[in-house]
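# Observations on the three-dimensional arrangement
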Amino acid sequence: MAGDIHPKKVLLKTKSWMDTEHRVILNVGGIRHETYSHVLKKIPATRLSRLTPNLANYDPVLNEYFFDRHPGVFSMILNYYRTGKLHYPTNVCGPLFEEELEFWGLDANQVEPCCWMTYTQHRDTQDTLAVIESLDLDGDPPTQEEIAKKFGWEDDYYTGNMSQWQRLKPRVWALFDEPWSSKYARVISSLSVAFILASTCSFILKTDPSFQIPDIDVFYSLRVVDEGGFKNYHKTIGTDKPVTSPHPNFFYVDLICNIWFTIELLIRSLFCPSFHKFVRSPLTIIDVISTGAFFFESLLHAILIQTGSLVTLDFLSMICVLRLFKLTQHFSGLKILIQTFKASAQELFLLVFFVILAIVIFAALVYYAERSQLNKDNQFTSIPLGLWWSLVTISTVGFGDMVPKTYLGMLVGSLCALMGVLTIALPVPVIVSNFSNLYSHSQARAKLPKKRRRVLQAHEVKPALLGVKQHHGKHRKKSSSATFNQPPANFKNANGGPSMHDNSASKLMA
C-alpha cells in the first residue's frame, strides 16, 4: 500500500532519534565537541561522567555544557574517553596539562608510554630550577618582603613592627654573604677573595727553598795530637743545617689573613638568618677548622720549635688550602660545577665501581699471565703490584715502570688499556649534559623579569563583577522571555528534525 511505512525505515528513524537523544554537546573554550553520553561513562568518577542538565554550566537554549578551559588539551582528554589512550599534546606546557587533568578528574599517570618522556620533561625542569633557586645565584637584590621571609619576620613586616636590629641584621648579612647586593658588598667580596688567594699563595711559596731560611748550627772542636813528645792543638770549626724554616714574613701574612677570616666568621655567625643552618654549612666548618688549625699551629710552633713535632705542624697548615672552596660564595660558575658533580654522583659511583672491578680482574690476569712462561725479568711478583700497574693502565697514564714481557701479558695489557678508555669515557657525556642543563637554566633564569604583572584570581573577580552580572541577567530575562516560550531548536532534532549543526542558536537570536 502507498501509505504503508517500510519497517527498515522506521528502524532507521528510531535509531537516529536515539542517537540524537544521547548526544552530548560540550563547549570548551569556544570550541564545540560532540559525543555520546555512554562514551563519557567509560571513565567513572570524573567530571564528564557526572554531567546532568541541573549543572550551572548547562545552557538549555543551546543544549550544551560550557567549560572555560583549554580547548587543545580537552581534545586529547575527549580522545582518551573514546579510545582509552591518553596522549600528551606537545604544544602545551606540562603544568598546564596537569592542571587540566586535575580539573577533569583524571590521573596524570595514565599517559601513554610513547608520550611519557616528553610529558615528564617539565618535572625535570622544575627540579633543576629548584636546585638553581637553592644555589642563590640572583644578581638583583631581594625585596623587603623576601628578606623578611628569609629571616622569619613575616608577621613583623606585614604589621610594620620592624625593630632597628631587624632592619640592621639583613643589611650586614648581605654585605658578607651576597656580593651582588651592593657596591659595598662587592668591595668586601673582593677583599675576601684577595685574602683567600694571599693565604693560599703564602702556603705554596713558603715551601720553596728560595723563600726558606736555614737554621745553621756552628760547632767547635779542639783535638790534642802528640807528635814526638810535643802536643799540638788542632781546632775545628763545623756547620750543620738540620732544618730550614720559612721566612718570618710568611707568618705575618698568614696572621693578617686569619685575623680577617676570624672577623668575617664572627660577623657572619652573628648576623646569619639561621644559626643552626649556618653552623652545619660545609663552608663554615672549613673556615672554623682552617682558622683553628692556624692558631693551634702557631701556638705549638712557639713552644716546640726545637722538637720533632714540626712535621705534624706543617701537616696542619695544609688545611688552609680548603679555603679555596669559599670561592664558591663569590663565583656562580663554581656553584654550578659543584652541583653538577652532586647531580652526577650516581654515575660517578658507578664509574668508580667498574674501575675497581676492572683493576682487580686485570691485576690477577697479568700476574698469572706473566707466570705462564719462563720470564727472568718478571716484575709482577704479586697481585698487589699488579693492582698498581692495572690502575695506571686503566687511567691511561702509563708510567712505564712495570711492563709485561710475555705475549699473554701483552694481550692482557692491551685489553686493560682498551677497557680503561671505554670505562672512563662512558660517564663523561652524562656529566657534560648535567652541567649544560644547569648552566643553561641558570642563564635563562637570570634573564627573566623579576617583576611580573599580577593576575587576579577567580574569587577576586566575582565580587567586583557581581553587580554587572545581575544587571545583564535582568536584561537577558526580559529580552528572552518570548524566546523561552518557543521550543528550542534541538527539540526538533530530538524528534528526527534537521541536524544540530544548522546553527540553531543564530536562528533563536534572530
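Residues numbered from 1 in each chain as written. Predicted model: local features only at pLDDT ≥ 70, side-chain atom pairs only at ≥ 80, totals over all residues. Heavy atoms only, no water.

In the nomenclature of an unreviewed UniProt entry, the protein corresponds to BTB domain-containing protein from the organism Caenorhabditis elegans. According to its UniProt record, the protein has this under Subcellular location (unreviewed entry): "Membrane". The record held by UniProt for the protein lists under Sequence similarities (unreviewed entry) the comment "Belongs to the potassium channel family. C (Shaw) (TC 1.A.1.2) subfamily. Shaw sub-subfamily." (UniProt positions renumbered as here; feature names shortened; annotations may be inferred.)

This part takes up the overall build of the protein. Counting secondary structure elements, the protein contains 23 helices and six strands. With 510 residues in all, the protein has 30% of them scored as buried. In the protein, once contacts between residues fewer than 6 apart in sequence are set aside, the share between residues at least 24 apart is 62%. Counting only carbon and sulfur atoms, one obtains 63% of the accessible surface of the protein, whose full area is about 34,000 Å². (Helix = DSSP H or I, 4+ residues; strand = E, 2+ residues; numbered from the N terminus. Buried < 20%, exposed > 50% of the residue type's maximum accessible area, 1.4 Å probe, protein only. Contact = heavy atoms within 4.5 Å. Areas by Shrake-Rupley, 256 points an atom, 1.4 Å probe, with all protein chains shown as cover.)

This paragraph deals with the pattern of salt bridges. Here the structure, examined in full by the defined rule, presents nine salt bridges. A salt bridge links Asp287 to Arg323; the shortest N-O distance between them is 3.7 Å. Of this pair, Asp287 sits in helix H13 (residues 282-303) while Arg323 sits in the loop between helix H14 (310-316) and helix H15 (332-343), and the two are 36 residues apart along the sequence. You'll find Asp287 and Arg323 in the same group, each marked buried. Overlapping salt bridges bring together Glu264, Asp287, Arg323 and Lys326 as one network. (Salt bridge = Lys/Arg side-chain N within 4 Å of Asp/Glu carboxyl O.)

Before going further, it helps to spend a moment on the pairing of strand E4 (residues 64-67). Pairing analysis gives three bridges linking strand E1 (residues 23-28) to E4, with the strands arranged parallel. Bridge pairing links Asn27 to Phe66 in E4. Across two bridges, strand E3 (residues 58-59) lies against E4 in antiparallel orientation. By the bridge assignment for E4, Tyr58 is matched with Tyr65. Where E3 folds back on E4, the antiparallel hairpin that results is connected by four residues, among which Asn63 adopts a positive phi of roughly 55°. (Pairing = 2+ DSSP bridges.)

Moving on, we get to the side chain of Gln339. Mapped onto the fold, Gln339 is located in helix H15. Apart from residues lying up to four places away in sequence, Gln339 is in contact with Val131, Leu135 and Leu438.

Within the UniProt annotation, "transmembrane region" (unreviewed entry) is assigned to residues 310-327, 348-369, 381-400 and 407-432. Along residues 348-369, the helical share is 100% and the strand share 0%, with 31 Å between the first and last C-alpha atoms.

What follows covers the packing of helix H10 (residues 183-205) against helix H11 (residues 248-271). Contact pair H10 / H11: the axes reach a minimum separation of 9 Å and the direction vectors enclose 145°. Both H10 and H11 take part in a crossing whose hand is left-handed. When H10 is examined against H11, the residues Ile188, Leu191, Ser192, Phe195, Ile196, Ala198, Ser199, Ser202 and Leu205 are found in contact with a partner set consisting of Phe250, Val253, Asp254, Ile256, Cys257, Trp260, Phe261 and Glu264. The residue makeup of the contact of H10 with H11, split by class, is twelve nonpolar, three polar and two charged. (Axes fitted to C-alpha atoms, helices over the stretch in contact; angles between N-to-C directions. Left-handed = near helix turned anticlockwise from the far one by under 90°. Nonpolar A, V, L, I, M, F, W, Y, C, P; charged D, E, K, R; others polar.)

Among the nonpolar cores identified, the biggest contains 28 residues, and Leu26 and Phe97 are the most heavily contacted of them. Elements represented by at least two residues in this core include exactly E1, helix H2 (37-40), E4, helix H3 (71-83), helix H4 (94-104) and helix H5 (113-119). By residue number, the principal contributor to this core is H3, which donates six residues. If we skip the residues at most four places from it in the chain, Leu26 touches Ile31, Arg32, His33, Leu40, Leu48, Leu51, Tyr65, Phe67 and Phe74. The next biggest cluster of nonpolar side chains, apart from the first, holds 19 residues, and it includes Met162, Cys257, Cys272 and Phe278. (Core = buried A, V, L, I, M, F, W, Y, C linked by side-chain atoms within 4.5 Å.)

Next up on the list: the pairing of E1. Two faces make up the sheet, and in a regular strand the side chains alternate between them. By the criterion of burial, E1 is predominantly enclosed, with five of the six residues buried. Taking the residues that link successive antiparallel strands as the turn, the E1-strand E2 (residues 31-36) hairpin has two residues, and the phi of Gly29 there is positive, at about 60°.

Considering all chains together, one arrives at 24 aromatic pairs under this definition. Taking 4.9 Å as the distance between ring centres and 75° as the angle between the ring planes, the aromatic pair formed by Tyr367 and Tyr368 counts as edge-to-face. For Tyr367, a relative accessible area of 13% gives the class buried. Directly above the ring of Phe103 sits Arg47, whose terminal nitrogen or CZ lies 3.9 Å from the centroid. The cationic tip of Arg69 hangs over the ring face of Phe103; the distance from NZ or CZ to the ring centre is 4.1 Å. (Phe/Tyr/Trp six-rings, centres within 6.5 Å; stacked < 30°, edge-to-face > 60°. Lys NZ or Arg CZ within 6 Å of the ring centre and 35° of its normal.)

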